[in-house]
Amino acid sequence: MNAKSFAFMPSEITIKAGEHVTIVLESTDVAHDFVIQGEGHVVGANAGKQAKGGLMIARAGTYKFWCSVSGHRTAGMEGIITAE
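Every value quoted in this text rests on a predicted model; they were computed, and no experiment measured them.

**Observations regarding the side chain of His32**
Assignment of secondary structure puts His32 in strand E5 (residues 32-36). A distance of 3.2 Å separates the side chain of His32 from the side chain of His72, its partner in a polar contact. Sequence-distant contacts of His32, that is, excluding residues within four places in its chain, are made with Ala3, Lys4, Ser5, Leu25, Ser27, Gly44, Ala45, Cys67, Val69, His72 and Met77.

What follows is the structure, given as structure tokens:
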């Protein structure tokens, strides 16, 4: 997952419900983080750095994710994660 200039790439991801996955977040400009609706903070990466965080979504569904750094979500830095 790449994070820069108020966008995630990709902005939509799919995982298997109940399976442990690793989110690798690479911030190419300033500090960003990755927060999932109902799951909380997963990982944060400083400017120009890469960080990893573990995630497991138990129930199938569609969830929003976003960057919680002040002003980033309102600037459009969010996306959708689907757990199948």
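Next comes the rest of the description.
**Observations concerning the pairing of strand E6 (residues 40-45)**
Pairing between E5 and E6: five bridges, direction antiparallel. The residue bridging Ile36 from the neighbouring strand is Gly40, located in E6. Counting the residues between successive antiparallel strands, the hairpin from E5 to E6 contains three residues, one of them, Gly38, with a positive phi of roughly 80°.

**A short note on the sheet that holds strand E8 (residues 61-66)**
Pairing in this open sheet of five strands is mixed, and the strands run E3-E9-E8-E5-E6 from one edge to the other. If you trace the sheet from one side to the other, it starts and ends with strand E3 (12-15) and E6, each paired once. Adjacent strand axes in the sheet meet at a mean angle of 25°, parallel and antiparallel pairs treated alike. In this sheet, strand E9 (residues 78-83) lies alongside E3 in parallel orientation, the contact comprising four bridges. Bridge pairing in E9 links Thr14 to Thr82.

**Section: the environment of Leu55**
Within the secondary structure, Leu55 is located in strand E7 (residues 50-55). Under the relative-accessibility criterion, Leu55 is labelled buried at 6%. With 36 residues separating them along the chain, Leu55 and Glu19 place their C-alpha atoms 8.3 Å apart. Contacts of Leu55, omitting those with residues within four sequence positions, involve Ile15, Glu19, His20, Val21, Ile23, Ile36, Val42 and Ile81.

Calculation criteria
- The numbering scheme is per chain: residues are counted from 1 as the chain's sequence reads.
- Selection of residues for local features in this predicted model requires a pLDDT of at least 70, selection of side-chain atom pairs for listing and counting requires 80 or more, and totals for whole chains, interfaces and linings are taken over all residues.
- Based on all heavy atoms of the structure, the side-chain values leave hydrogens and waters out of the count.
- The helix and strand labels rest on DSSP assignments: H or I over at least four residues marks a helix, E over at least two residues marks a strand, and numbering proceeds from the N terminus.
- Any pair of nitrogen or oxygen atoms within 3.5 Å is treated as a polar contact; in protein, a donor-acceptor pairing is required on top of that, and neighbouring residues in sequence qualify only through side-chain atoms on both sides.
- We call two residues in contact whenever any of their non-hydrogen atoms come within 4.5 Å of each other.
- By this definition, two strands are paired if DSSP reports at least two bridges between them.
- Every axis corresponds to a line fitted to the C-alpha atoms, with the helix fit spanning only the stretch in contact, and the corresponding angles, defined between N-to-C directions, vary from 0 to 180 degrees.
- Between buried and exposed lies partly exposed: a residue is buried under 20% and exposed over 50% of the maximum accessible area for its type, with that area taken using a 1.4 Å probe on protein chains only.

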